[in-house]
Amino acid sequence: MTGKSIDLEGAVAAYYQSLYRFALSLTRQEASAADLTQQTFLLLAQHGHQLRELEKLKGWLFTTLRREFLRLARRQNAHPEVSFESGEHEAATLDVTAARSADAHLILDALDALDDTYQVALKMYYLGELSYREIADALEIPIGTVMSRLSRGKEQLRARLSSLQGLRDSKIIPLPPEERLGRG
Amino acid sequence: MDNNEARVILSAYRPNGADAQDPTFAKALAQAKMDPALGEWLDGQRSVDAALIERLRTIEPPADLPNLVMAGLKTVPLRRDRWFGPLSAMAAVLTVSAVVLIGPLRPSSRSSGLAAAFQRDALAMVSLPAGPKLDLITSSFAETQAYIAQQQGPSAPAIPASLQRMHTAGCRVMEWRGHRMSLTCFRLPDGRLVHLLVIPKSALGTELPPQPGSEGPWEMICQEMNGMVMLWASQTSPENLRQILQS
């Protein structure tokens, strides 16, 4: 299917939720996430004609949202690089019962805490439910790299979630990311 | 493939089954069926992934977000288009050709048979309340012509210079009685549309093209050029339509 027109209203209905969640995972601010979602659809209205295959619409939206986020972050200098220690919880595991009881924002915290290399691929996988091909297209990396990032990223995520849940269960509340940054 | 390699591949396998038919996973999935340890790992992986996705879906966007987005979309101005090199050259050629090729409009008289059917069907298509269905929505004339060429639709031998400078609403390529036909919709400055339908003259057999005339609020003018029939239809005034086509 090439060259067909884009049904903007249909695209909004189909993707605004997953795009908002992805935006929230990037910005961690609800208002900014909503703005970013809106801006993405405006860009679709303005430039969607360049999209020749409607099958790639979803990937295009996620790619565009991420690019717009990076562009705004560069402009505001509000995208500090934060490195977290890695590998300290590699032996930890997360079972399905724990996953089902995990708070959504705790999962976002855990995703944020991943190495930068893995973060975006995993956010696209979990929040956008993008295929490995769509992620490869969006990030402009080989398919094999996507697979290895998802594999290693998932290990880190589960370890991180397990750790965060352990903290929660022991009543120790982790500081929100901005406070962690402030003290870094 | 050892189990470690299979795990890396299957890490990209989505728990909702969307990848079930993807051959990339076939070998690793088959291995997971044969190897209990790998199969157990995959089941666990999918269950945890599904649970995480389900939990993340509990994050609700602001209730008014879709309305805000749709309201914002209505304020988007039409894109100012760039002219691309080859298409720009083509447009220049068409401008010159239009002056040379467009002949005087035929005197009014009713046509019948295929020509009348073509005119009737064309009018029915463009006069839909919501406008004609378009394959490609774009404000770029160049892009409409590129799309029509790509879809092997008939291209207009000439387009009036004034229309080439106008925004378009989009275009479509379709079949009419076994013949390819193209539709390009131009936006006049007052917001009205001018529709151009192009079909090979052979589609109308030996009949003369339909003659200019009115049908309710619609004005129609037909031109024959280089083996193509071009039917123009618009709700603008007959004088304005003629002026546009002779520019």
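Up top you'll find the structure we're talking about.
Thresholds applied
Residues numbered from 1 in each chain as written. Chains lettered and ligands numbered in written order. Predicted model: local features only at pLDDT ≥ 70, side-chain atom pairs only at ≥ 80, totals over all residues. Helix = DSSP H or I, 4+ residues; strand = E, 2+ residues; numbered from the N terminus. Buried ≥ 20, exposed ≤ 12 C-beta atoms within 10 Å, placed from the backbone. Contact = placed C-beta atoms within 7 Å. Core = buried A, V, L, I, M, F, W, Y, C linked by C-beta atoms within 7 Å. Nonpolar A, V, L, I, M, F, W, Y, C, P; charged D, E, K, R; others polar. Pairing = 2+ DSSP bridges. Axes fitted to C-alpha atoms, helices over the stretch in contact; angles between N-to-C directions. Parallel < 35°, antiparallel > 145°, perpendicular 65-115°, else oblique. Left-handed = near helix turned anticlockwise from the far one by under 90°.

J.: Explain the overall build of chain B here, please?
T.: From N to C terminus, chain B includes nine helices and six strands. A burial count over chain B gives 34% of its 247 residues as buried. In chain B, of all internal contacts separated by at least 6 residues, the share reaching a separation of at least 24 is 65%.

J.: What am I meant to see in the environment of Y126(A) here?
T.: For Y126(A), the position within the fold is in helix α6 (residues 116-127). Sequence separation of Y126(A) and F22(A) is 104 residues, and the distance between their C-alpha atoms is 8.8 Å. Residues contacting Y126(A), with those up to four places away along its chain left out, are L52(B), I53(B) and L56(B).

J.: Help me out: how do you make sense of the nonpolar core in this one?
T.: Nonpolar side chains tend toward joint burial in soluble globular proteins. Counting 63 residues, the largest nonpolar core has A23(A), A121(A), L122(A), M124(A) and I135(A) as the members making the most contacts within it. Looking at which element gives the most residues to this core, the answer is helix α1 (residues 8-27) of chain A, with 10 residues. Excluding anything up to four places from it in sequence, A23(A) contacts A33(A), L36(A), T37(A) and L65(A). Membership of the second largest hydrophobic core comes to 39 residues, among which are A115(B), Y147(B), A156(B) and M228(B).

J.: Looking at this model, I keep getting lost on unusual backbone geometry. Mind explaining?
T.: Negative phi is the rule for most residues except glycine; trans is the rule for most peptide bonds. Despite not being glycine, E140(A) has its phi angle at roughly 55°, a positive value. Residue position: E140(A) is located in the loop between α7 (132-139) and α8 (143-169). Phi is positive for N226(B), close to 45°, though the residue is something other than glycine. When you line up the elements, N226(B) lands in the loop between β5 (218-225) and β6 (228-234). Given 12 C-beta atoms within a 10 Å radius, N226(B) is considered exposed.

J.: Sorry if this is basic, but what is going on with the interface of chain A and chain B here?
T.: Where interface size is given, it is often the accessible area lost as the parts come together that is meant. On the chain B side, the residues contacting the 39 residues of chain A number 40 residues. Counting residues per element, the side of chain A that touches chain B draws most heavily on α1(A), at nine residues. Across the side of chain A that touches chain B, the residue classes break down as 22 nonpolar, 10 polar and seven charged.

J.: Looking at this model, I keep getting lost on the sheet that holds strand β2 (residues 179-187) of chain B. Mind explaining?
T.: Sheet strands pair via backbone hydrogen bonds, and the direction of the pair is either parallel or antiparallel. Residues and elements named next belong to chain B. Taken in spatial order, the six strands line up as β1-β2-β3-β6-β5-β4 in an open sheet, and their pairing is antiparallel. The sheet terminates laterally at β1 (168-176) and β4 (213-215), the two strands that pair on one side only. For this sheet the average axis-to-axis angle between neighbouring strands, irrespective of direction, equals 20°. Here β2 runs beside strand β3 (residues 193-200); their pairing, made up of six bridges, is antiparallel.

J.: What is the right way to read the pairing of β2(B) from this model?
T.: Where a strand is regular, its side chains alternate between the two sheet faces. Residues and elements named next belong to chain B. Both β1 and β2 contribute to a ladder of eight bridges, which runs antiparallel. Looking across to β2, one finds that M174 is bridged to M181. Taking the residues between adjacent antiparallel strands as the criterion, β1 and β2 are bridged by two residues, where R177 takes a positive phi near 50°. Between β2 and β3, which follow one another and run antiparallel, lie five residues, and G191 among them has a positive phi close to 95°.

J.: Looking at this model, I keep getting lost on the pairing of β5(B). Mind explaining?
T.: All names here are of chain B. Strand direction decides the pairing type here: β4 and β5, joined by three bridges, are antiparallel. For G213, the partnering residue across the bridge sits in β5 and is M220. As paired strands, β5 and β6 are joined by seven bridges and run antiparallel to one another. Counted as the bridge partner of M225 is M228 from β6. Connecting β5 to the antiparallel partner β6 that follows it, the hairpin turn spans two residues, and N226 within it adopts a positive phi of roughly 45°.

J.: So what exactly am I meant to see when it comes to helix α7 (residues 141-150) of chain B here?
T.: For an α-helix the count is 3.6 residues per turn, leaving residues at separations of three or four pointing the same way. Residue and element names in this part refer to chain B. In terms of residue burial, α7 counts as a mostly covered element, since seven of its 10 residues are buried. Every buried residue of α7 is listed here: F141, E143, T144, Q145, A146, Y147 and I148. Q152 occupies a position one or two residues after α7 and carries a positive phi of about 60°.

J.: Please clarify how the packing of α1(A) against helix α2 (residues 30-47) of chain A should be interpreted in this entry.
T.: Two quantities define a packed helix pair, namely the angle between the helix axes and the distance between the axes. Residues and elements named next belong to chain A. Running from N to C, α1 and α2 cross one another at 140°; their axes reach a closest spacing of 8 Å. Judged on the interaxial angle alone, α2 and α1 are oblique. Regarding α1 and α2, the two cross each other, and that crossing is right-handed. Packed against α1, whose contacting residues are L8, A11, V12, Y16, L19, Y20, A23, L24 and T27, the element α2 presents E30, S32, A33, A34, L36, T37, T40, F41, L44 and A45 at the interface.

That is the geometry; function is a separate question.
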